[in-house]
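Chain by chain, the residues run as shown.
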Amino acid sequence: MGVRVAEKVRVAMISVHGCPLLRPGGREAGGMNVYLRAVSRELGRRGIPVDVFTRCHEAEAPSMVDLGGGSRLIHVVAGRQGPVEKERLYAYLPQFRDGVLEFQRREGVHYHIVHSHYWLSGWVGQAVSAAWSVPHVVTFHTLGESKNRSRWGERESSLRIETERRVVAQADKVVACSPEERQQLLNLYWAGSQKVAVIPCGVDLGLFRPMGRDRARRQLGLKASKLLLYVGRLEPLKGVDILLRVVSQLSEEEGLHLMVVGGDAASAGETERLRRIAWELGVQNQVSFLGTVDHEALPLYYSAADICVVPSYYESFGMVAVEALACGTPVVAARVGGLRSTIRDGEMGYLIPWHCPEPYAERLELLLGNESLKRSFGRAGRAWVERFSWSLIAEQVLALYEELLDSNTVVPPSMALPA
Ligand code: UDP
């Protein structure tokens, strides 16, 4: 291995729609936003300044925010300075690219690596890395083709899928969040096996730790004797409707309650749909829709719950599952995507192979009725997720940068994507 990157590297992170300062759990912010904040902070701690470029999503947003450790957040004007649907952002990518290039010229900084997040940013990342002749790393976080195949009714555009294919072909490295995502990149996106590295997402083990169930319940003022928890953005792909049907099947369980954490004004349509389903099933009094909860307050909710349920049709990683395990709470999750490798079936929770309520109900009933099994699952889960600490994840990201800089990869300008 050659020079330690810490001695020379400055990183440009591109995140067109995922401003790390947005509150996660709303329609447009979730795991990727948490990831960006955590990885930038960890790299900053190692003396590697990161500039995160993101779209200016509100008129009052400052053009630059200090993220600590030499890292900065830079708001780039692209389109109106207000919320814009993700699907409509493609038209503003050339303006965003020009804004990043202009910032670099004005500041006179030299970036050694471009790391982009999500397909829209992949487009920008490819263009600016070519302009600067530096390596481009891309992490997609979700893949359009995989989403389309995971649930009937999902319709990610061919523009997205074609752009993803082009970025996969042109980037120097693609980071998959799980072995399953790597396989999808190989099979559905024809990525070369050498191009794809697996680096999982992480968890803040200091923040997410067991707090004691009774204490957490007292602090939250919760009375129910059996508590299930869902945490995440509210959208059909997350499968919360399956969980509502599970609650109706478990209605014999005394004192059973489900807390649904997540959802903001922008997800009002989906929240309304879920509320209606709860009414139709007659479980409206057993379900609380709590809206988004501050990330820092979530350990209380995970600790208060008996079981965290992740009924998604698709997850490239599934940070919520890992956060719950870190708090010593067993997880019952769909056997899809990254969840297949973040949870060990039968050791710290259960993986459910079908998107229907019966198998969930059967496993939840088993766990809810067995306190010692729950406790041993909780202990095993906490020990297992130590491997996902942000510090270890950042080391892996850094090792990847080192490898690229050592091999002196240069992107010929001819590979720049057309505007
Ligand atoms: N989250 C949060 N507050 C909420 C709901 C979610 O902080 O009200 C965070 C949660 O802790 C997790 C992230 O949003 O870190 C969701 O990540 P995940 O990978 O589970 O799902 P994604 O959003 O990537 O689909």
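Residues numbered from 1 in each chain as written. Predicted model: local features only at pLDDT ≥ 70, side-chain atom pairs only at ≥ 80, totals over all residues. Heavy atoms only, no water.

**Q** How should the overall build of the chain be read in this particular structure?
**A** Each helix and strand in the chain was counted, giving 15 helices and 14 strands. Rg of the C-alpha trace for the chain: 21 Å, near the compact-globule value of 22 Å for 419 residues, within the 12% margin. The burial tally for the chain puts 59% of its 419 residues in the buried class. Nonlocal contacts in the chain, meaning residues at least 24 apart in sequence, comprise 71% of its contacts between residues at least 6 apart. Accessible area of the chain: about 16700 Å², with a carbon and sulfur share of 49%. (Helix = DSSP H or I, 4+ residues; strand = E, 2+ residues; numbered from the N terminus. Rg over C-alpha atoms; globule rule 2.2 N^0.38 Å. Buried < 20%, exposed > 50% of the residue type's maximum accessible area, 1.4 Å probe, protein only. Contact = heavy atoms within 4.5 Å. Areas by Shrake-Rupley, 256 points an atom, 1.4 Å probe, with all protein chains shown as cover.)

**Q** Explanation requested: the sheet that holds strand β13 (residues 331-334) in the structure shown.
**A** The sheet built from six strands is open, its strands ordered β11-β10-β9-β12-β13-β14 with parallel pairing. Strands with a single pairing partner mark the edges of an open sheet, and in this sheet they are β11 (287-291) and β14 (349-352). Taken pair by pair, the neighbouring strands of this sheet meet at an average axis angle of 20 degrees, ignoring direction. Across four bridges, β13 lies against β14 in parallel orientation. Each residue of the ladder has a partner; that of valine 331, found in β14, is glycine 349. (Pairing = 2+ DSSP bridges. Axes fitted to C-alpha atoms, helices over the stretch in contact; angles between N-to-C directions.)

**Q** Can you help me understand the site of the ligand in this one?
**A** Inspection of the region around the ligand gives 19 residues, with Arg233, Lys238, Val293, His295 and Glu323 positioned closest. Contact between the ligand and valine 293: an oxygen atom at 2.8 Å from a main-chain N or O atom of the residue. Burial of the ligand by the protein chains amounts to 93% of its free accessible area of 550 Å². Within the residue set of the shell around the ligand, elements represented by two or more residues are α1 (31-45) and α11 (319-326). Considering each element in turn, the shell around the ligand owes the most residues, three residues, to α11. (Near = heavy atom within 4 Å. Polar contact = N/O pair within 3.5 Å; in protein donor to acceptor, adjacent residues only side chain to side chain.)

**Q** Quick question: what am I supposed to make of the pairing of strand β7 (residues 173-176) here?
**A** The side chains of a regular strand alternate between both faces of the sheet. Neither face of β7 is exposed, since Lys173 and Val175 on one face and Val174 and Ala176 on the opposite face are all buried. In terms of strand pairing, strand β6 (residues 136-139) meets β7 through three bridges, oriented parallel. When the bridges of β7 are listed, valine 137 appears paired with lysine 173. For β7 and strand β8 (residues 196-198), the ladder comprises three bridges, and the chain directions are parallel. When the bridges of β8 are listed, valine 174 appears paired with valine 196. In terms of handedness, the path from β7 via helix α6 (residues 179-189) over to β8 forms a crossover that is right-handed. (Right-handed = clockwise from strand over helix to strand, strands pointing away.)

**Q** Can you walk me through the side chain of threonine 163 in this structure?
**A** Checked against the element boundaries, threonine 163 lands in helix α5 (residues 158-170). Relative accessible area serves as the criterion here: at 1%, threonine 163 is assigned to the buried category. Leave out the neighbours within four places in its chain, and threonine 163 touches Tyr90, Trp119 and Trp123.

**Q** Help me out: how do you make sense of α5 in this one?
**A** Count 3.6 residues to each turn of an α-helix, and residues three or four apart come out pointing the same way. Taking 1.5 Å as the rise per residue, α5 with 13 residues should run 18 Å; its terminal C-alpha atoms sit 18 Å apart, in good agreement. Three or more residues of α5 are buried, namely Arg160, Ile161, Thr163, Glu164, Val167, Val168 and Gln170. Next to the buried residues of α5 lie α3 (119-132), β6, α4 (144-150), β7 and α6. (Expected span 1.5 Å × (residues − 1).)

**Q** Sorry, what's going on with the packing of helix α8 (residues 240-249) against helix α9 (residues 268-281) here?
**A** Helices that pack against each other are described as a pair by the angle of their axes relative to one another and the distance between those axes. α9 packs onto α8 with a crossing angle of 20 degrees between their chain directions and a minimal axis gap of 10 Å. The angle between the axes of α8 and α9 places the two elements in the roughly parallel class. Where α8 crosses over α9, the two elements pack in a sense that is right-handed. Contacts from Val240, Asp241, Leu244, Arg245 and Ser248 in α8 reach Arg273, Leu274, Ile277, Ala278 and Leu281 in α9. A breakdown of the residues in the contact of α8 with α9 according to their chemical character gives six nonpolar, one polar and three charged. (Parallel < 35°, antiparallel > 145°, perpendicular 65-115°, else oblique. Left-handed = near helix turned anticlockwise from the far one by under 90°. Nonpolar A, V, L, I, M, F, W, Y, C, P; charged D, E, K, R; others polar.)

**Q** Please clarify how the nonpolar core should be interpreted in this entry.
**A** Nonpolar side chains in soluble globular proteins generally cluster together in the buried interior. Residues Phe53, Leu185 and Tyr302 are the most contacted members of the largest nonpolar core, which totals 142 residues. Per-element accounting of this core gives the leading share, eight residues, to helix α15 (residues 390-406). Beyond its immediate sequence surroundings of up to four residues, tyrosine 302 is in contact with Phe208, Leu229, Val231, Cys308, Val320, Glu323, Ala324, Cys327 and Thr329. (Core = buried A, V, L, I, M, F, W, Y, C linked by side-chain atoms within 4.5 Å.)

**Q** Help me out: how do you make sense of unusual backbone geometry in this one?
**A** Where the residue is not glycine, phi is negative for most of them; where a peptide bond is considered, it is trans in most cases. At tyrosine 118, a residue that is not glycine, the phi angle is positive and equals roughly 85 degrees. With respect to the element layout, tyrosine 118 can be found in the loop between β5 (113-117) and α3. With a relative accessible area of 7%, tyrosine 118 lands in the buried category. One non-glycine residue with positive phi stands out, namely serine 133, at about 55 degrees. Within the secondary structure, serine 133 is located in the loop between α3 and β6.

**Q** Sorry if this is basic, but what is going on with the sheet that holds β6 here?
**A** Adjacent strands of a sheet form backbone hydrogen bonds with each other and so pair up, either parallel or antiparallel. Pairing is mixed in the open sheet, where eight strands are placed in the order β3-β4-β2-β1-β5-β6-β7-β8. The open sheet has two edge strands with one neighbour each: β3 (64-68) and β8. Put simply, the sheet's adjacent strands are angled 25 degrees from each other on average, direction ignored. Running at roughly 170 degrees to β5, α3 makes contact with β1 (11-14), β5 and β6 of the sheet.

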